[in-house]
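# Chain and residue survey
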Amino acid sequence: MKKLALHWQILIGMVLGVVFGIVMSKFSFGAELINDWIRPLGKIFINLLKLIAIPLIIASLLKGISDLKDISKFSQIGGRTIVLYMISTVIAISIGLTVVNIVQPGNSIGQETLDRLASENSAAAGAKVTAAQAQGETGPLQFIVDMVPDNIFAAASSNGSMLQVIFFIVFFGISMLLIEEKARMPVKAFFDSVNDIILKMVDLIMLLAPYAVFALLAALMVEAPDGDILVALAWYAVSVIIGLACMLGIYITVVALYTKKSPSFFLKGISPAQLLAFSTSSSAATLPVTMERVEEHLGVEKEVTSFVCPVGATINMDGTSLYQAVAAVFICQALNFDLTFGDQLTIILTATLASIGSAAVPGAGMVMLVIVLEAVGLPAEYLAIGLALVFAVDRPLDMLRTTINVSGDATVAMVVGKSIGKLGEPKAQNWDDHLENV
Ligand code: ASP
């Protein structure tokens, strides 16, 4: 019997998880049952993905660089990637600003709703403000300083230090190319083999994906906010969703026009990564799957994927930056804080930097939102109220913006691949071919 494609398996898992979660939340024992017996599966799955993220980056980036015939290719990949990431982020923020200025979601929030949301979510919002302030107390070049580790083992022991690991591996890989071929061969052969093994680990972990998304979504359903709040924030959520949908449209169009690959090819190839991004709200956890899909299903060669995807997961967050723009303007509208045109330009600048600085984990975008709000001069006493306002719908929007973050990385990988002749036919035609040896 023909096996169902992976994205369908994951989608079915998601739908069943939502239904199961909703049904269980009707019973008094439901939440406890899900928390004790279902939620751990989702957590184990996310841990497994994070577990292989750093080894995967090391092995695949080393293989990618050492396969290069000359180093100048690498600087081409690096330069184009960074430029495209910047351009896509600025486009995303501009779309967000346009939508929020047209829809004006903040003007439909009454004082009563404002007070209620502020009081219900004040503790959680206060925690985000504190986290942002800790992050904000650094100089403008700090992020470059942070990229250079002083101890590679310390860097490799934290998933939050991916850029540091990338820095070390690029340095190591380039040095490797500069020594004699005979001398570098044993190291290359070792890491090529590690790379194959880790890719097989991704395949094996993905066998769990349909069940894991069931667990993740069922667990989310038992903690969903109440319906009234969702209605009050509906226009704000709709603005973010319209913006994110436009971004997806742009990716599909760019891929179709520039790489001549059809929308269905792109979406079919990347959809398992998108669905996982949606279910986990973390581009870091999704990274192993994004890399595997972009390489084996979208046909981008390893030299490109192994650099573009991990760098993208850490610094390129189109969905997050778009959300920050919409949320910042929405909060200012709701609190009657007028924004000038100059303020909106400030939002473009700070949201670009904030999305680079956002960690690729659930809720990180909200922490950096504080920095955007501070930049436009929202008084400190309003910050916590502002965050409390958007808090209730943050998780569903986080799921959507993470999906866009991952799609943006895949798009840039395809464009960079095409531009240097490293986009070919995908190796895996379907999931069954891919798992034939499992
Ligand atoms: N959850 C997002 C990600 O991992 C970051 C954010 O917007 O909060 O990509």
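Residues numbered from 1 in each chain as written. Predicted model: local features only at pLDDT ≥ 70, side-chain atom pairs only at ≥ 80, totals over all residues. Heavy atoms only, no water.

The next point concerns the overall build of the protein chain. In terms of regular secondary structure, the protein chain is built from 21 helices and 0 strands. For 438 residues, the compact-globule estimate of 2.2 N^0.38 gives 22 Å, and the protein chain sits close to it at 22 Å. Sorting the 438 residues of the protein chain into buried and exposed places 53% on the buried side. For the protein chain, the proportion of contacts with a sequence separation of at least 24, taken over those separated by at least 6, is 86%. Carbon and sulfur atoms provide 67% of the accessible area of the protein chain, an area that totals close to 18700 Å². (Helix = DSSP H or I, 4+ residues; strand = E, 2+ residues; numbered from the N terminus. Rg over C-alpha atoms; globule rule 2.2 N^0.38 Å. Buried < 20%, exposed > 50% of the residue type's maximum accessible area, 1.4 Å probe, protein only. Contact = heavy atoms within 4.5 Å. Areas by Shrake-Rupley, 256 points an atom, 1.4 Å probe, with all protein chains shown as cover.)

Time to look at the site of the ligand. Looking at the ligand, there are 15 residues lining it, with S283, T320, G365, D398 and R401 nearest. In this structure, a nitrogen atom belonging to the ligand sits 3.1 Å away from a main-chain N or O atom of V361. One of the side-chain nitrogen or oxygen atoms of R401 is found 2.6 Å away from an oxygen atom of the ligand. Within the complex, 100% of the 270 Å² of free accessible area of the ligand lies under protein. Sorting the residues of the shell around the ligand by element identifies helix 18 (364–375) and helix 20 (394–419) as the ones contributing at least two each. If you tally residues by element for the shell around the ligand, the top one is helix 20, at 4 residues. Here the residues of the shell around the ligand sort into 5 nonpolar, 8 polar and 2 charged. (Near = heavy atom within 4 Å. Polar contact = N/O pair within 3.5 Å; in protein donor to acceptor, adjacent residues only side chain to side chain. Nonpolar A, V, L, I, M, F, W, Y, C, P; charged D, E, K, R; others polar.)

This part is about the side chain of S88. Considering the arrangement of structural elements, one finds S88 in helix 3 (residues 71–103). A polar side-chain atom of S88 sits 3.1 Å from the main-chain carbonyl oxygen of Y85. Only 3.2 Å separates the side chain of S88 from the side chain of D318, close enough to count as a polar contact. Not counting the four nearest positions on each side in its chain, S88 is found in contact with M247, N316 and D318.

This next bit is on helix 19 (residues 380–391). Its 12 residues place the ends of helix 19 17 Å apart at the C-alpha level, agreeing with the 16 Å of an ideal helix rising 1.5 Å per residue. Among the residues of helix 19, those classed as buried are L383, G386, L387, A388, L389 and V390. (Expected span 1.5 Å × (residues − 1).)

Here the focus is the packing of aromatic side chains. The final tally for this structure, using the stated rule, is 7 aromatic pairs. A centroid spacing of 5.3 Å and a plane angle of 75° characterise the contact between F74 and F307, whose relative ring orientation is edge-to-face. Of this pair, F74 sits in helix 3 while F307 is found in helix 15 (residues 302–315), placing the two residues 233 residues apart along the sequence. Like F74, the residue F307 is buried in the burial classification. Look at F168 and F172: their rings are 5.9 Å apart centre to centre, the planes differ by 35°, and that puts the pair in the tilted class. Taken together, the residues span about one helical turn, with F168 and F172 both in helix 8 (residues 162–178) at a distance of 4 residues. When the ring centre of F265 is taken as origin, the NZ or CZ atom of K261, which lies over that ring, is 5.1 Å away. The side chain of R401 reaches across the aromatic face of Y323, ending 3.8 Å from its centre. (Phe/Tyr/Trp six-rings, centres within 6.5 Å; stacked < 30°, edge-to-face > 60°. Lys NZ or Arg CZ within 6 Å of the ring centre and 35° of its normal.)

Our next topic: the pattern of salt bridges. Evaluation of the coordinates by the stated rule reveals 10 salt bridges. E301 is the salt-bridge partner of K422, the closest N and O atoms lying 3.9 Å from each other. Placement of K422 in the loop between helix 20 and helix 21 (431–434) and of E301 in the loop between helix 14 (283–296) and helix 15 is noted, with a sequence separation of 121 residues between them. Relative accessible area serves as the criterion here: at 16%, K422 is assigned to the buried category. The salt bridge partner of E303 is K422, with a shortest N-O separation of 3.2 Å. Remark: K422 occurs in the loop between helix 20 and helix 21 and E303 occurs in helix 15; sequence separation between them is 119 residues. A network of salt bridges, in which partner residues are shared, links K63, D67, K188 and D192. (Salt bridge = Lys/Arg side-chain N within 4 Å of Asp/Glu carboxyl O.)

Right, let's get into the confidence of the model for the protein chain. Note that predicted coordinates carrying low pLDDT should not be read in detail. On average, residues of the protein chain score 88 in pLDDT, and 92% of them reach the 70 mark or higher. Model confidence for the protein chain, summarised as mean pLDDT per element, is weakest for helix 21 at 49 and strongest for helix 12 (residues 234–259) at 97. (pLDDT = per-residue confidence, 0-100.)

Quick look at the packing of helix 2 (residues 30–67) against helix 14 now. Their axes nearest at 7 Å, the elements helix 2 and helix 14 cross at an angle of 55°. In terms of their interaxial angle, helix 2 and helix 14 are classed as oblique. Crossing of helix 2 against helix 14: the hand is left-handed. Contacts between helix 2 and helix 14 involve I46, L49, K50, I52, A53, L56, I57 and S60 on the former and, on the latter, A285, L287, P288, V289 and M291. Split into classes, the residues belonging to the contact of helix 2 with helix 14 amount to 11 nonpolar, 1 polar and 1 charged. (Axes fitted to C-alpha atoms, helices over the stretch in contact; angles between N-to-C directions. Parallel < 35°, antiparallel > 145°, perpendicular 65-115°, else oblique. Left-handed = near helix turned anticlockwise from the far one by under 90°.)

As a further point, take helix 18. Along an α-helix, residues three or four positions apart point the same way, because every turn accommodates 3.6 residues. With 12 residues, helix 18 extends 18 Å between its outermost C-alpha atoms, agreeing within 8% with the 16 Å of an ideal straight helix rising 1.5 Å per residue. Counting buried positions along helix 18 gives 9 out of 12 residues, so the element sits mostly inside the fold. Phi turns positive one or two residues past the end of helix 18, at G377, with a value near 90°.

Side chains of V15, V19, V23, F27, F29, L33 and W37 sit close together on the surface and give an oily, nonpolar patch of about 710 Å² of accessible area. Elements that contribute at least two residues to the nonpolar patch include exactly helix 1 (6–24) and helix 2. Tallying contributions element by element places helix 1 first for the nonpolar patch, with 3 residues. (Patch = residues over 30% accessible without salt bridge, like charges linked within 9 Å, V, L, I, M, F, W, Y side chains within 5 Å.)

Another point: the environment of G319. Its place among the elements puts G319 in helix 16 (residues 318–334). In this structure G319 touches L244, R401, I404 and N405, once residues within four positions along its chain are discounted.

The tendency in soluble globular proteins is for nonpolar side chains to be buried as a group. In this structure, M206, Y236, F266, F307, I331, L369 and L373 are the most contacted members of the largest nonpolar core, which totals 123 residues. The element best represented in this core is helix 2, accounting for 12 residues. Counting residues in each nonpolar core, the second largest holds 6 residues, with M24, I38, A215 and A219 among its members. (Core = buried A, V, L, I, M, F, W, Y, C linked by side-chain atoms within 4.5 Å.)

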